Structure formats: C-alpha cells, structure tokens
Amino acid sequence: MNRSSIGQKVEEMRKNMGLSLRELAKRAEITPSMLSQIEKGSANPSIQTLKSLAKALDVPVFTFLMEEINTKELIVRKEDRKQMVIDGLHYELVSPDFTSQLATAIMRLAPGSHSSEKPLSHKGEEVAFVLEGPIGLTLLGDEYELQTGDSVKIPAYTEHKWTNAASHEVSILFSVTPPAF
C-alpha cells in the first residue's frame, strides 16, 4: 500500500467525522504537523501512530492497510485473499473489501499470542466463529474458552480480547459491521 493511500483514508475519515486536523491530532496524541504530513503522503506513519489514529477515529487498524479493491468483483478466490500481519496477528480478508455494511476476515493467532495487550472495543458489531481452537476470550472482564465450532456475538463497544494458550496456531472467522465513513 502506498503512503498517500493511507493518508487519503485518514483525511477522508477525519473530514467525515467533522474533525479538524488539530482535533484529530490531539485525540491521536500526535502533532498536527505529523498528521498533515501523513495525510499528504509525505510521512510514513509507524504502526503505533496508525494504532493511535485508529483509536482516535474508532476504526480497526487494518482499515488503513487494506488496498482498495474493485467492488464489482464480488467473488474472492482463496488464492486472491488480501492478507496482512499486524503485531504478530495474521488477518485474511474473506469478503471483497471493507466498503459494505459487513466485512469478514480470518484472524490467526500464533501459540502464546493475543489480539491485544488489554481488552479493546470498537464501533462495529462482531460475530466470531472458531475455525480451529481452543482459544481464550475475555469478554467484559469474564474469561471463556471457546472450542472449534463455537461462536460468539460481540455487541458494538464491548471490550474483548482473544488469547491463544494452545501449543498450535488457532484461527477465528469473524464478521464485523464496520463504522460508516
């Protein structure tokens, strides 16, 4: 993905939320100058900066990293799935893109890893299906172990965290209603 594409997405989301450049920079705890450079494509944001911007804009980090897909192509072949790794988490986009009301992806967690340091929430509603478990789920402070074939609905703004205590990779198929931009 080129830098200007990330910057364009940040700028578009910021404007759609009615935020000034200074307001978003303050929320993301970065300088207005840095945000301006990111939006113009003249600065390459670090993963930490992308996380801060995602939190400030209330969107998943991978929203910035996905390449634009021609939405006329509704069929996604297994070998053509968009893939990315963020902080050791492997994501595979199953749906064609993130532009519709629903996006579906597979998240793979390596042994001993977790989806985040602490439970996080997001604007979209989520339904997750365990393709290969077991996997731990912290949901509003309660701990659960889900097995292969189990599923869970996670309402919008519900804090949750995935943890892989198994000795093998685990995978979850999830669908999420992304926020409207």
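Right above here is the structure, for reference.
Since we're looking at a predicted model, the values are computed, not measured.

Asks: Explain helix α3 (residues 32-40) to me, please; I cannot follow it from the model alone.
Replies: For α3, the set of buried residues is L35, S36, I38 and E39. Down the axis of α3, the smallest arc covering the buried residues is 160°, so these residues share one side. Downstream of α3 by one or two residues, G41 has phi in the positive range, about 85°.

Asks: Can you help me understand the packing of helix α2 (residues 21-28) against helix α4 (residues 47-57) in this one?
Replies: When two helices pack together, you describe them by how their axes are tilted relative to each other and by the distance separating the axes. The interhelical angle for the contact between α2 and α4, taken along N-to-C directions, is 115°, at an axis separation of 8 Å. By the criterion of interaxial angle, the relationship of α2 to α4 is roughly perpendicular. Considering the relative orientation of α2 and α4, their crossing is right-handed. Contact residues: α2 offers L24, R27 and A28, while α4 offers S52, L53, A56 and L57. Classifying every residue of the contact of α2 with α4 by side-chain character gives five nonpolar, one polar and one charged.

Asks: Can you walk me through unusual backbone geometry in this structure?
Replies: Note on backbone geometry: most residues besides glycine have negative phi, and most peptide bonds are trans. With omega at 0°, the peptide bond leading from G133 into P134 counts as cis. Within the secondary structure layout, P134 lies in the loop between β4 (126-132) and β5 (135-139). One non-glycine residue, E29, lies in the positive phi region at around 60°. Along the chain, E29 falls in the loop between α2 and α3. What makes E29 exposed here is its relative accessible area of 74%. Despite not being glycine, Y157 has its phi angle at roughly 65°, a positive value. Positionally, Y157 belongs in the loop between β7 (151-154) and β8 (160-163).

Scoring rules and cut-offs
Residues numbered from 1 in each chain as written. Predicted model: local features only at pLDDT ≥ 70, side-chain atom pairs only at ≥ 80, totals over all residues. Heavy atoms only, no water. Buried < 20%, exposed > 50% of the residue type's maximum accessible area, 1.4 Å probe, protein only. Helix = DSSP H or I, 4+ residues; strand = E, 2+ residues; numbered from the N terminus. Arc of directions from axis to C-beta. Axes fitted to C-alpha atoms, helices over the stretch in contact; angles between N-to-C directions. Parallel < 35°, antiparallel > 145°, perpendicular 65-115°, else oblique. Left-handed = near helix turned anticlockwise from the far one by under 90°. Contact = heavy atoms within 4.5 Å. Nonpolar A, V, L, I, M, F, W, Y, C, P; charged D, E, K, R; others polar.

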